[in-house]
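Letter by letter, the chains look like this.
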There are 2 protein chains.
Amino acid sequence: MCEANAYILKDGVEELFLESVDKVVSREDGILLENIFGQQKLVRARIKEMALVNHRIILEKTE
Amino acid sequence: MCEANAYILKDGVEELFLESVDKVVSREDGILLENIFGQQKLVRARIKEMALVNHRIILEKTE
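Residues numbered from 1 in each chain as written. Chains lettered and ligands numbered in written order. Predicted model: local features only at pLDDT ≥ 70, side-chain atom pairs only at ≥ 80, totals over all residues. Heavy atoms only, no water.

A. How the structure looks around the pattern of salt bridges. Residue and element names in this part refer to chain B. A complete count under the given rule lists 12 salt bridges over all chains for this structure. We note a salt bridge from Arg-56 to Glu-14, for which the minimum N-O separation is 2.9 Å. With a gap of 42 residues between them, Arg-56 in strand S6 (residues 56–61) and Glu-14 in strand S2 (residues 13–27) connect regions that are remote in the sequence. For Glu-14, a relative accessible area of 37% puts it in the partly exposed group. (Salt bridge = Lys/Arg side-chain N within 4 Å of Asp/Glu carboxyl O. Helix = DSSP H or I, 4+ residues; strand = E, 2+ residues; numbered from the N terminus. Buried < 20%, exposed > 50% of the residue type's maximum accessible area, 1.4 Å probe, protein only.)

B. Here's a closer look at the relation of the copies chain B and chain A. When chain B is brought onto chain A, the operation consists of a screw motion whose angular component is 180° and whose axial shift is 0.0 Å, with 0.0 Å RMSD remaining. Expressed as an axis order, the relation between the two copies is that of a two-fold axis. Judged by C-alpha distance, Cys-2 of chain B is the residue of chain B that lies nearest the rotation axis, at 2.6 Å. (Least-squares fit on C-alpha atoms with pLDDT ≥ 70 in both.)

C. Structural context of the interface of chain B and chain A. Facing 21 residues of chain B, the contacting portion of chain A comprises 21 residues. Between chain B and chain A the total buried area reaches about 1,700 Å² when both faces are included, carbon and sulfur atoms providing 65% of it. Considering only the side of chain B, the residues that lose the most area to chain A are Cys-2, Met-50 and Leu-52 of chain B, jointly responsible for 37% of the buried surface there. Our count for the contact surface shared by chain B and chain A stands at zero salt bridges. At the surface where chain B touches chain A, the tally comes to 10 residue pairs in polar contact (both at pLDDT 80 or more). (Contact = heavy atoms within 4.5 Å. Buried area = accessible area lost by both parts, 1.4 Å probe. Polar contact = N/O pair within 3.5 Å; in protein donor to acceptor, adjacent residues only side chain to side chain.)

D. Looking closely at the state of the cysteines. Enumeration over the complete set of coordinates arrives at one disulfide over all chains. Disulfide pairing is shown between Cys-2 of chain A and Cys-2 of chain B; the S-S distance is 2.1 Å. Residues Cys-2 of chain A and Cys-2 of chain B share a disulfide whose torsion about the S-S bond is about -70°; that sign makes it left-handed. Of this pair, Cys-2 of chain A sits in the segment before strand S1 (4–10) while Cys-2 of chain B is found in the segment before strand S1 (4–10), placing the two residues in two different chains. In this pair, the class of Cys-2 of chain A matches that of Cys-2 of chain B, namely buried. (Disulfide = S-S within 2.5 Å.)

E. Structural detail: the environment of Arg-46 of chain B. Take Arg-46 of chain B: it is sitting in strand S5 (residues 45–51). For the pair formed by Arg-46 of chain B and Arg-27 of chain B, sequence separation is 19 residues and the distance between their alpha carbons is 10 Å. If near-sequence neighbours (up to four positions away) are discounted, Arg-46 of chain B is found in contact with Ser-26 of chain A together with Ile-31, Ile-58, Leu-59, Glu-60 and Thr-62 of chain B.

Structure representation (structure tokens):
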């Protein structure tokens, strides 16, 4: 499977935010992440970078 | 491998923009995509949505 782990960058440190993310949707109120288990998380952030082969999504909080 | 194809949404139609994308980096001047072959493409767009298990990234052009 090709899901990725989503991390939030906080003071230069990556904190795991949601594992095994499948879907990522940009919305007016933030980014909605959904993992392969159906768990959803909404966060006010932007996608800073992704490395899909390494299964990584890095998010950065926005105001 | 877990790369994804990047499409640009144009008048409601998805056009293939870059195949086998590995890295995606948000920059001041747009989004930089790099595929597993080392090919890079910069585009003034935002990430609209992604479905990693289906290997899809949908971009939407910005001004």
